[in-house]
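Architecture and fold: a report
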Amino acid sequence: MYGPCTNFFLNYATSTRNRNNISLSILGTPATTFDDGKSPFEITTPIYYVNDKPHIGHAYTSISCDVIARFMRLSGRAVFFLSGTDEHGQKVEQSARKLGLEPQDFVDRVSKRFKDLLILMNISNDEFIRTTSEKHKASVQHLWRVLVDKGCIYKGTYSGWYSIRDECFYNESELVDGKAPTGAEVEWVAKEESYFFRLSDFEEPLLKLYQENPEMIAPRGRMNEVVGFVKGGLKDLSVSRTSFKWGVPVPDDEDHIMYVWMDALANYMSALGYPNEDSDGNFVKFWPASLHVVGKDILRFHAVYWPAILMAADLPLPRRVFAHGWWTKDGEKISKSLGNVIDPLDLAEKYGVDQTRFFLMSEVNFGSDGDFSHEKMVRKVNTNLANELGNLCQRTLTMVYKYCDMTVPIQLQPLNEEDKAILYKAKALRITCGEAISTQAIHNYVAAMVSMIWDVNKYFDEMQPWVLRKTDPQRMETVLYILMEVLRCCAILYQPIIPSSANRILDLLGVPKEERMFDHINEASIRKGAKIVKPHAVFPRIATES
């Protein structure tokens, strides 16, 4: 299957497996305290609330989950990547009424916008769940009955502060200048009949959970926030409403509809078929979820309410909840009133889908807040993608096309130390990237790729193949082959971040589609003697505005 040259490079990779005591042959991803690196992997975005059109935050969460899901799949792991829309609640009912629409017609319209966003951004979710689906309603009603049977839900009367925008209850002590901590308006709910979940019973079990699983909530600062909130005391949670009707009916009491977060959180299991526990079903295969990725504003629901509900139902708990930060624009908070909302559709149209994905994943440490500006995006895309990666591909493949008769070099010399070093670094890059992605340090993953491409450009310039063409053509062919092989490794590893562009590079290199998994970095190689097509620019430079 492979020629002598290919075998030489495969043998070289094998011979370097023990350098620095690192094995270059990995099945799965590096293990952590919260993930064994091999088991089936469910990753979820929050389901997006359909009161308005998608914005940059929705794109950011979706792309980050997509990068992780693609990395896991390419590592050989079974993956279930879930996204969708949260379609019930008082805010949705009010928004529909303002437009003169029935709530179902309204959510049908807005949910499609989110689904279209995922398609545009090349998000590889396995399912798009809608909480108005009958399958989901049946699942969450089953969960409710389980909680009732276990004595964890009771009927009472609720009085307190409620934010319609946040769909969240707040204690008096949490209000800031008469508003929710998020800045949302709150209203007083006076003596409304409600069902309650016995959240107060789970204060100590939750604190014990956090203590025994210190990496369950990330980044670390978010864990501190959650522990502080729980230590402040938990009150039983109102989990039904009677003042509006757009929601999942409470079983056996249809005067009540479920609290929207009770409904929404269950999507992570309903999409897997809960309560179906057949051995060949997705719920048995993928639950508990490996990773919930959420914005920091909804961490409480996922790190306090959700594990408490699951504990009450005697169900396994998610292994990790990661809360990322918010985006500002040019140093200012993004808001409709300021007119600085960033539409991800506009970014994709203006700069390109992969360019948008690359910028959002590289600009900020994942977990921290980030600031967007068009100037930053143009600079980063032009520097890292057009100038460094794109130009490297163009220079390498143009020389192969022109000076090697459109053929992958055949006559190669033994490798020198510089050749061995760059080749080894490319083969070992998967380890660095895997360690980053296993802890959701997506920014470190991108940085490792950018650094590798910088090193390959340095190797190109130092080897001077344009000079070797006249002085030592066989050495030129060896250098060009190494450059193609290193580009192959890099393009395979770049697939989760810039999937379309990485695969275009692999097409130009002549890499078969069935040889693009991470294991192929060391199990395959560029095939000598293969014909290549005329190279073209993968990343056109973005014109800067004067």
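All values reported here derive from a predicted model rather than from experimental measurement.

Before going further, it helps to spend a moment on the sheet that holds strand E16 (residues 332–333). Sheet architecture is open: three strands sit in the order E16-E15-E17, paired in mixed fashion. Edge strands, defined here as strands with exactly one partner in the open sheet, are E16 and strand E17 (370–372). Here strand E15 (residues 327–329) pairs with E16 via two bridges, running antiparallel. Within E16, the residue paired with Lys329 across the bridge is Glu332.

Glancing now at the packing of helix H15 (residues 417–438) against helix H18 (residues 473–494). Put simply, H15 and H18 touch, their axes get as near as 9 Å, and they point 15° apart. Here H15 lies roughly parallel to H18, going by the angle between them. Read as a crossing pair, H15 and H18 show a hand that is left-handed. From H15, Asp419, Ile422, Leu423, Ala426, Lys427, Leu429 and Arg430 reach across to H18, where they touch Arg475, Ile482, Glu485, Val486, Arg488, Cys489 and Leu493. Here the residues of the contact of H15 with H18 are counted per class, giving eight nonpolar, no polar and six charged.

Further remarks concern the nonpolar core. Phe197, Leu206, Tyr210, Tyr259, Leu389 and Tyr494 are the most contacted members of the largest nonpolar core, which totals 187 residues. Residue contributions to this core peak at 15 residues, all from H18. What Tyr494 contacts, discounting residues up to four positions off in sequence, is Phe358, Leu389, Tyr445, Met449, Val450, Ile453, Pro499 and Ala502.

The pairing of strands in a sheet happens through backbone hydrogen bonds and is either parallel or antiparallel. Read across the sheet, three strands follow the order E10-E12-E11 without closing on themselves; strand pairing throughout is antiparallel. Whereas interior strands pair on both sides, the edge strands pair on one side only; in this sheet they are strand E10 (240–241) and strand E11 (249–250). Summarising the sheet, E10 and strand E12 (residues 253–258) pair through two bridges and their orientation is antiparallel. Its bridge partner being in E12, Ser240 is matched across the sheet by Met258. Where helix H5 (residues 134–149) meets the sheet, its contacts fall on E10, E11 and E12, and the angle it forms with E12 comes to roughly 105°.

Turning to unusual backbone geometry, a few remarks are in order. Residue Pro219 is reached from Ala218 by a cis peptide bond, and omega for that bond is -5°. By the element assignment, Pro219 lies in the loop between strand E8 (217–218) and helix H7 (220–231). That bond from Trp287 to Pro288 is cis: its omega, 10°, falls within 30 degrees of zero. Residue position: Pro288 is located in the loop between helix H10 (282–286) and strand E13 (291–295).

This next bit is on the layout of surface pockets. What the second largest pocket holds in volume is close to 380 Å³. In this structure, the second largest pocket is lined by 23 residues; those nearest its centre are Phe169, Tyr170, Asn171, Lys235 and Asp236. Listed by contribution, the elements that provide at least two residues to the lining of the second largest pocket are strand E5 (153–163), strand E6 (168–170), strand E7 (187–197), strand E9 (237–238) and helix H11 (299–312). The element contributing the most residues to the lining of the second largest pocket is E5, with four residues. Partitioned by chemical class, the residues of the lining of the second largest pocket number 11 nonpolar, seven polar and five charged.

This part covers the pattern of salt bridges. The tally for this structure, following the rule as stated, stands at 34 salt bridges. Put simply, Arg130 and Glu87 hold a salt bridge, and the shortest N to O gap is 2.6 Å. A residue pair is termed long-range when its members are at least 10 positions apart, and Arg130 in strand E4 (residues 127–130) and Glu87 in the loop between strand E3 (79–86) and helix H3 (90–98) qualify at 43 residues. Classification of Glu87 as buried rests on a relative accessible area of 0%. The salt bridge involving Glu93 is made with Arg97; its shortest N-O contact spans 3.5 Å. Here Glu93 pairs with Arg97, and both are found in helix H3, just four residues apart, close to one helical turn. On the basis of relative accessibility, which here comes to 13%, the residue Glu93 falls in the buried class. By relative accessible area, Arg97 is classed as exposed at 55%.

Within the element layout of this structure, Met452 appears in helix H16 (residues 442–463). In this structure, the C-alpha to C-alpha distance between Met452 and Leu389, residues 63 residues apart in sequence, is 9.8 Å. Look past the residues within four positions of Met452 in its chain and what remains in contact with it is Ile422, Lys425, Ala426, Leu429, Val486 and Cys490.

Attention now goes to the packing of aromatic side chains. In total, this model carries 19 aromatic pairs according to the counting rule given. A centroid spacing of 5.3 Å and a plane angle of 85° characterise the contact between Phe71 and Tyr445, whose relative ring orientation is edge-to-face. Taken together, the positions of Phe71 in helix H2 (residues 56–74) and Tyr445 in helix H16 put the pair 374 residues apart, joining distant regions of the chain. We note that Phe71, like Tyr445, is buried. Connected via pairs of aromatic rings, a cluster forms that spans Tyr60, Phe322, Trp327, Phe359, Phe366 and Phe372. The side chain of Lys296 reaches across the aromatic face of Trp326, ending 4.6 Å from its centre. In this arrangement the basic side chain of Arg469 is found over the ring face of Tyr403, its NZ or CZ atom lying 4.2 Å from the centre.

Across the protein, the average pLDDT comes to 92, with 94% of residues at or above 70. Note on residues 1–24: pLDDT under 50 across the span, and 52 contacts to partners over four residues away in sequence or across chains.

Each value, and the rule that gives it
- Residues numbered from 1 in each chain as written.
- Predicted model: local features only at pLDDT ≥ 70, side-chain atom pairs only at ≥ 80, totals over all residues.
- Heavy atoms only, no water.
- Pairing = 2+ DSSP bridges.
- Helix = DSSP H or I, 4+ residues; strand = E, 2+ residues; numbered from the N terminus.
- Axes fitted to C-alpha atoms, helices over the stretch in contact; angles between N-to-C directions.
- Parallel < 35°, antiparallel > 145°, perpendicular 65-115°, else oblique.
- Left-handed = near helix turned anticlockwise from the far one by under 90°.
- Contact = heavy atoms within 4.5 Å.
- Nonpolar A, V, L, I, M, F, W, Y, C, P; charged D, E, K, R; others polar.
- Core = buried A, V, L, I, M, F, W, Y, C linked by side-chain atoms within 4.5 Å.
- Buried < 20%, exposed > 50% of the residue type's maximum accessible area, 1.4 Å probe, protein only.
- 1 Å grid on protein atoms, 1.4 Å probe; cavity = no way out; pocket = protein on both sides within 12 Å on 5 of 7 lines; lining within 4 Å.
- Points joined across faces, edges and corners; volume = space filled by probe spheres on them.
- Salt bridge = Lys/Arg side-chain N within 4 Å of Asp/Glu carboxyl O.
- Phe/Tyr/Trp six-rings, centres within 6.5 Å; stacked < 30°, edge-to-face > 60°.
- Lys NZ or Arg CZ within 6 Å of the ring centre and 35° of its normal.
- pLDDT = per-residue confidence, 0-100.

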